[in-house]
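# Understanding the architecture of this molecule
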Amino acid sequence: MLGSTVKTLGLGIKCSSISLMLIGTYHVQALELAAARERKLKGFSLTVHFLDDTQHTFNVDKRSKGSHLLELVYQHLELVEKDYFGLQYTDHGCPPGNIKDEYVRWLDPSKLIKKQLGNLPPRLFFRVKFYVSDPSKLQEEYTRYQFYLQVRRDILEDRLRLPPSKAILLASYTVQSELGDYQPDEHGPNYLSHLQLMPGQTEDMERKIAEIHKLHKGQLPADAEFNFLDHAKRLEMYGVELHKAKDNAGKDIQLGVTSVGLVVFQNDIKINIFSWSKIMKISFKRKQFFIQLRRELSENYDTLLGFNMETYRSSKMLWKACVEHHTFFRLHSPKLPRRFTLSLGSKFTYSGRTEFQTVEDMKQRGRLERKFVRSPSKILVKQTPPPVLEDKGKILPAPGRPPRLYDNKITSSGAKEPRKAWEDDSHISDDPFKQRSKLIEFAENLDLAYKE
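Quick look at the structure, then. Nothing here was measured: the structure is a model prediction, and the numbers come from that model. (Residues numbered from 1 in each chain as written. Predicted model: local features only at pLDDT ≥ 70, side-chain atom pairs only at ≥ 80, totals over all residues. Heavy atoms only, no water.)

## Comments concerning the pairing of strand β10 (residues 261–266)
As a reminder, the rule being used: Residue exposure (1.4 Å probe, protein chains only): buried if accessible area is under 20% of the type maximum, exposed if over 50%, otherwise partly exposed. Put simply, DSSP marks the helices as runs of H or I at least four residues long and the strands as runs of E at least two long, and each gets a number from the N terminus on. Whether two strands pair depends on DSSP finding at least two bridges between them.
Of all the six residues making up β10, five are buried; the element is thus mostly covered by neighbouring parts of the structure. Across four bridges, the pairing between strand β9 (residues 252–257) and β10 is antiparallel. Its bridge partner lying in β10, Gln 254 is registered against Phe 265. Where β9 folds back on β10, the antiparallel hairpin that results is connected by three residues. Pairing geometry for β10 and strand β11 (residues 269–275), over six bridges, is antiparallel. For Phe 265, the partnering residue across the bridge sits in β11 and is Lys 270. Counted along the chain from β10 to the antiparallel partner β11, the turn is two residues long, and its residue Asn 267 has a positive phi close to 55°.

## Details of the nonpolar core
Selection criterion: Among buried residues, the Ala, Val, Leu, Ile, Met, Phe, Trp, Tyr and Cys ones that are joined through side-chain atoms within 4.5 Å form a nonpolar core. Throughout, a contact is declared for two residues whenever any of their heavy atoms are within 4.5 Å.
Judged by nonpolar contacts, the single largest core of 67 residues is most densely connected at Leu 69 and Phe 126. When near neighbours in sequence (up to four residues on either side) are disregarded, Leu 69 contacts Leu 46, Phe 58, Val 60, Leu 87, Leu 107, Ile 113 and Leu 124.

## A look at the packing of helix α6 (residues 164–179) against helix α7 (residues 203–213)
Here is the rule: In this description, a line fitted to the C-alpha atoms serves as the axis of each element, helices being fitted only across the stretch in contact, and the angle between N-to-C directions of two axes falls anywhere from 0 to 180 degrees. Oblique is the label for every angle not falling under 35 degrees (roughly parallel), over 145 degrees (roughly antiparallel), or within 65 to 115 degrees (roughly perpendicular). Should the near helix be turned anticlockwise from the far one by less than a right angle, the crossing is left-handed, and should it be turned clockwise, the crossing is right-handed. Note on residue categories: nonpolar means Ala, Val, Leu, Ile, Met, Phe, Trp, Tyr, Cys or Pro, charged means Asp, Glu, Lys or Arg, and polar means any other residue, Gly included.
Contact geometry of α6 with α7 gives a least axis separation of 8 Å together with a crossing angle of 60°. Taken together, the axes of α6 and α7 are oblique relative to one another. Of the two possible hands of crossing, α6 and α7 adopt the one that is right-handed. Across the interface between the two elements, Ile 168, Leu 169, Ala 171, Ser 172, Val 175 and Gln 176 from α6 touch Met 205, Lys 208, Ile 209, Ile 212 and His 213 from α7. Of the residues belonging to the contact of α6 with α7, the class tally is seven nonpolar, three polar and one charged.

Next up, the structure:
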């Protein structure tokens, strides 16, 4: 024998050392466990919450930068006009706006995710970062829908404050988008009572919303959402990123960063605005934030305004927000960072694409045909006792209707040009100019009623 017997198999066959060379073994489970341990050491999971209240978990490497996660999010949403959006996170993992005094930060694409989040909860929130000044700049219906969801959320969470008459008008477009044309046989007297449409919603407001809803006949969901944004863009607080501050007298104010410049609010009233064209330089030092204004022809001195922020971190956050907004809305391309500079200050620059680059890119691409499912408004929970039924001496609650996952959801029919509220259309039986005069008259009466 060339070899000795080394082992007896379960089948009673004796194997020699030569026969062992003909046997192959692959330890699958051991390798799977080793790979899982390696993935756990190298990567981690992050949950992103979207504007339609859905969420998705992404697995990223510990050495990944914010840009990698952002690209995963954009691919998940199939979002093309992506430069308007970003990811927010908070110290306690709560949604932005739920805690007024909590710092809300944007994920920096150029920095490591692990370094930015540290030991914070792995929850991020997909939000609009740069509010477009005109919705007609957005080429895709799906992008406008994401903006629509963001502005609706701003209103419901009381970040975008507006008069009741404007809130009622915007709510009527929401109803048109979700329920379609008013149908007397389908929409009873309280057909809006289950929808959460505006803060402090009352039955009287619902009646007024229903009256305006009747005037939106013929508008498709895309049309209604476009008109919603077209009215929202005129609001004083639209697209304003607020930062708490104090003036030189120690009075509480808020500095708002917008597409047009810096706005100063006191007690929710706009008291001043500094457009980007009038600002020469912005800077911060410790807890102080400074604005240097352009010298007028009649002046022989520079104007330097200083504001006291709560902390050094809040001062730097305001400065970064100004840098990003000015670059995105005012420049054709981002300013490239200088190399080998001797400056000891912050070297932060905006590294994404500008609005000009985004719009030009979409003009070359053209509109994409795509379909998506709209999500319905949140349901208002009202405590109403269900009716009871008697069954052989037993009192049983009435059986409830099983929930349907896609109630009130509307599927987009394609990428069509949105029709404005007052454009003529052959499929609308009512005169659009009569509809316009009715809506203007109704809105004026609402304004007068709430002023009185």
